[in-house]
Amino acid sequence: MSAVTTADLLALDRAAQDLLFRAARTANTFTDEPVTDAQVAAIHDLIRYGPTAYNGQPLRVLLLRSAAARARLLPYVSSSNRAKTASAPLVAVLAADVDFHERLPELYPHRPQARDWLSDSPSRVEQARFSATLQIGYLLVGVRAAGLAAGPMAGFDAAGVTREFFPDGRHEALLLLNLGHPGPDAWERRLPRLSTEEVVRTL
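Nothing here was measured: the structure is a model prediction, and the numbers come from that model.

What counts, and where the lines are drawn
Residues numbered from 1 in each chain as written. Predicted model: local features only at pLDDT ≥ 70, side-chain atom pairs only at ≥ 80, totals over all residues. Heavy atoms only, no water. Helix = DSSP H or I, 4+ residues; strand = E, 2+ residues; numbered from the N terminus. Buried < 20%, exposed > 50% of the residue type's maximum accessible area, 1.4 Å probe, protein only. Contact = heavy atoms within 4.5 Å. Lys, Arg positive; Asp, Glu negative; His and termini not counted. Charge placed at Lys NZ, Arg CZ, Asp CG, Glu CD. Pairing = 2+ DSSP bridges. Axes fitted to C-alpha atoms, helices over the stretch in contact; angles between N-to-C directions. Parallel < 35°, antiparallel > 145°, perpendicular 65-115°, else oblique. Left-handed = near helix turned anticlockwise from the far one by under 90°. Salt bridge = Lys/Arg side-chain N within 4 Å of Asp/Glu carboxyl O.

Caption draft 1: Structural view of the overall build of the chain. When helices and strands are tallied, the chain shows 9 helices and 4 strands. The linear arrangement of helices and strands in the chain, starting from the amino end, is α-α-β-α-α-β-α-α-α-β-α-β-α. C-alpha extents for the chain along the principal axes are approximately 60 × 50 × 35 Å. Classification of the 203 residues of the chain by burial places 36% in the buried group. In the chain, of all internal contacts separated by at least 6 residues, the share reaching a separation of at least 24 is 79%. A gap of 2 Å separates the mean positions of the 22 positive and 22 negative side-chain charges of the chain.

Next up, the structure:
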């Protein structure tokens, strides 16, 4: 009888484990094959069940499909990220809705007063950023689950993108995300990962 491995202790089969984690990589090139609205909807329908503080779900996704929209974005993107952003079949601006508390009577109905708790709270924006960042993690896994490659990028002028695309001040840009099917030489060399012993402690 073969020894039990860590992969055997997970509920997902090995193919799903590899698709979502071990074989998944950040893509730097993409083919011309489009990412459809139906694929985006399927990804969101899967990842929307991830937990957030107060069930607030502050992540907002702005899809840049047109050449005109892409042209507005590129001046804010770092030089090392500009070419792949210009050529990706779809680019998403991932943002936090800092007024997420307005939806809490609907999304957190057993404590509708939470909207008022957060209305003047200096922690509200921090909560929005934190929960939206959690949702971005779920989104990356969801993109992989759809058989697509993701290229998340923090190399951009977030304040500039916020001013350009969210001038009402309600949303804050957090991350840019290129999506599509991986193209030639899409992957860089896999970098080292920390071991369980280096990360996990028990008290």
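Caption draft 2: Spatial organisation of the sheet that holds strand S4 (residues 171-180). Reading across the sheet, the 4 strands line up as S1-S2-S4-S3 and stay open at both edges, with antiparallel pairing between neighbours. The sheet is open, and its two borders are formed by strand S1 (59-64) and strand S3 (149-153), each paired with just one other strand. Sheet twist, expressed as the mean angle between neighbouring strand axes with direction ignored, is 30°. Across 8 bridges, the pairing between strand S2 (residues 90-97) and S4 is antiparallel.

Caption draft 3: Just the environment of Gln135, in detail. Mapping Gln135 onto the fold places it in helix H7 (residues 123-145). Taking C-alpha positions, Gln135 is 7.6 Å from Thr52, a pair spaced 83 residues apart along the chain. Leave out the neighbours within four places in its chain, and Gln135 touches Ile47, Thr52, Gln57, Pro58 and Leu59.

Caption draft 4: View of the packing of helix H1 (residues 14-22) against H7. Two elements in contact, H1 and H7, have axes whose closest approach is 9 Å; the angle formed by their N-to-C orientations is 130°. Classified by the interaxial angle, the pair formed by H1 and H7 is oblique. Handedness of the crossing formed by H1 with H7: right-handed. Taking contact as the criterion, the partners of Leu19, Leu20 and Phe21 in H1 are, on H7, Val141, Arg144 and Ala145.

Caption draft 5: Molecular detail of the pattern of salt bridges. Inspection of the entire model under this criterion finds 10 salt bridges. Three or more residues joined by partner-sharing salt bridges are found here, namely Arg60, Asp97 and Arg170.

Interpretation note: all reported values are geometric properties and have no functional meaning in isolation.
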